[in-house]
Amino acid sequence: MLSEYVIPGMRIRDHQITVPLDWNRPDDGRSIEIFAREVVDPVRDGEALPKLLFLQGGPGGKGPRPVDGPPWLKEALKSYRVILLDQRGTGRSSRIDAHRISGFGTGEAAADYLSLFRADSIVRDAEHLRTTVFGGTRWETLGQSYGGFITMTYLSLAPEGLSACYVTGGLPGLRASAEEVYRRTFPRAAAKTKRFYERYPDDRTRITRVADLIEGSDIRLPDGDRLTVKRLQIVGIDFGVGPGFENVHWLFDEAFANTHEDRLSEQFLWQLTGLTSYDGNPLYAVLQECIYGHGEGATAWAAQRIANEHPEFGPEERPLLFHGEMIYPWMFSEIRSLRPFQRAAEALAARPFHTPLVDHARLAANEVPLAAAVYFDDLYVDAGLSLETAAQLGNAQAWVTNEYEHDGVRASPAVFTRLQGMVRDRGGPLPA
């Protein structure tokens, strides 16, 4: 244990362990550090509480910091000892940044390294943490978004470590390729944009003026990158969260610096830089398509290939359509924070084989109770694919709702409590 301290309502213990870089070759001398934060109600710290491991969304997302929430954490602390894991390569777990990735001589070498940061390695890290730090008893998991992808791998590789699983907006298509995923995503992104313009009809004209100004000018962002219309379009990733329409509306509300509307405001450019730079999480962009890679076949920039089938998303089209969480090859040459990762990203996209991340037979025979929230209007994770997966899983239940967007579990504790109730009503978690 690194340290122990108390903040209002929470006793926190910070843990750090050393694990093999490559779990398939644990004795090759290479290792990394894994960090996890244990959080418990100080009043109940002495009790033998069940443990709940939170699997963060991403890829490339670190565990949440317990400042004033999130709402699900406050609810969980009523009955659990909560483990907030920084997945390998993120936060305090041997973080991967531009400096680290620039140390590799070739893109292939960097891609070899990054391929060890997928869900199978994260699961093995979690299992080592469970058995060496937390006594080896089964724990429950709450997987948000990409955390649901990790849950499928966990149930495939080490179900003996799990007593129950809760998934929010994260049941992946078990056999869906990256291409199929994006073929379903583009129509939803178009529909979200249409709904945004219906809510804020004046933004259709304002955004057109912004796009036209960008197209006809050499406008630089505060970090030196040239602002292009296609970069502007990626702010549509916010359309997948509860306040997303409002976030984008208020961004454009103060886009211009003057009433002549011939110059973009500095505030707008600063905000746009933060929204589109990937400074805080480059792994999200680098590994985005890798999470759909399993078995034979390169992902080969699937989002770009499907984008080519949708000319209505072209940067010259008006009204301008916004993208979702698609990652494109141009980003690694045009976005400053991603340039150091360009060779690695290209090598990953060209890989003809990716290690399978799920065991279909084992998932079909699964005995660990699982309850999943499937958000019907989810921009990022297709509800149809999620329901197909739920039907293929043993001992699984799905709750389909359009009350929430992709971030529903962060918006209301009711999502987590609903899933807990679904498992409880079917006999509860397996004995720890």
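All residue numbers refer to position in the chain's written sequence, counted from 1. Local features in this predicted model are restricted to residues whose pLDDT is 70 or higher, and side-chain atom pairs enter the listing and the counts only when it is 80 or higher, whereas totals over whole chains, interfaces and linings include all residues. Hydrogens and waters are ignored; side-chain quantities use all the structure's heavy atoms.

A. Up close: the layout of surface pockets. Cavities and pockets were defined on a 1 Å grid built from protein atoms only: a cavity is a group of points that admits a 1.4 Å probe but offers it no way out, a pocket is an open group of points flanked by protein on both sides within 12 Å along at least five of seven lines, and a lining residue is one with an atom within 4 Å of any such point. Grid points are joined across faces, edges and corners, and a volume is the space filled by probe spheres set on the points. The space that makes up the largest pocket amounts to roughly 930 Å³. Lining the largest pocket are 41 residues, with Gly58, Ile237, Asn281, Tyr284 and Arg410 sitting closest to its centre. Contributing elements (two or more residues each) for the lining of the largest pocket: α9 (244-253), α10 (266-276) and α11 (282-287). Gly is put with the polar residues, along with every residue not named as nonpolar or charged; the nonpolar set is Ala, Val, Leu, Ile, Met, Phe, Trp, Tyr, Cys and Pro, and the charged set is Asp, Glu, Lys and Arg. For the lining of the largest pocket, the class distribution of residues is 16 nonpolar, 18 polar and 7 charged. There is about 250 Å³ of room inside the second largest pocket. Ser115, Leu116, Arg118, Asp120 and Thr355 are the residues nearest the centre of the second largest pocket, which is lined by 15 residues in total. Numbering of helices and strands starts at the N terminus; helices are DSSP runs of H or I of at least 4 residues and strands are runs of E of at least 2.

B. Region of the structure containing the nonpolar core. By size, the foremost hydrophobic cluster in this structure holds 115 residues, and its most contacted members are Phe252, Leu264, Phe268, Met331 and Phe332. Sorting elements by how many residues they give to this core places helix α6 (residues 178-199) first, with 7 residues. Should any heavy atoms of two residues lie within 4.5 Å, those residues are counted as being in contact. When neighbours within four sequence positions are excluded, Phe332 is seen to be in contact with Ala285, Val286, Trp301, Ile327, Leu338, Arg339, Phe341, Gln342 and Ala345. For this analysis, a nonpolar core means a set of buried residues of the types Ala, Val, Leu, Ile, Met, Phe, Trp, Tyr and Cys, connected via side-chain atoms within 4.5 Å. Each residue is placed in one exposure class: buried if its accessible area under a 1.4 Å probe, protein chains only, is under 20% of its type's maximum, exposed if it is over 50%, and partly exposed if it falls in between. If you look at the next biggest cluster of nonpolar residues, it comprises 26 residues, including Val39, Leu73, Tyr166 and Val415.

C. Inspection of the side chain of Asp120 at higher detail. Mapped onto the elements, Asp120 comes out in helix α4 (residues 119-132). The charge count treats Lys and Arg as positive and Asp and Glu as negative. His and the chain ends do not count. Any Lys or Arg side-chain nitrogen located within 4 Å of an Asp or Glu carboxyl oxygen qualifies as a salt bridge. It is Arg124 that comes nearest to the buried, bridge-free Asp120 among opposite-charge side chains, at 4.2 Å. Excluding its chain neighbours within four sequence positions, the residues that come into contact with Asp120 are Thr153, Leu157, Thr355 and Leu357.

D. Expanded view of unusual backbone geometry. With an omega of 10°, the peptide bond running from Gly58 to Pro59 counts as cis. Mapped onto the elements, Pro59 comes out in the loop between β4 (51-55) and α1 (71-76). The linkage connecting Arg318 with the following residue, Pro319, adopts the cis geometry, with an omega of 0°. Along the chain, the position of Pro319 falls in the loop between α12 (302-307) and α13 (331-334). Its identity is not glycine, yet Ala300 carries a phi of approximately 55°, on the positive side. Residue classification places Ala300 among the partly exposed positions, given a relative accessible area of 33%. A positive phi angle, near 55°, is found at Trp301, a position not held by glycine. Checked against the element boundaries, Trp301 lands in the loop between β8 (295-296) and α12.

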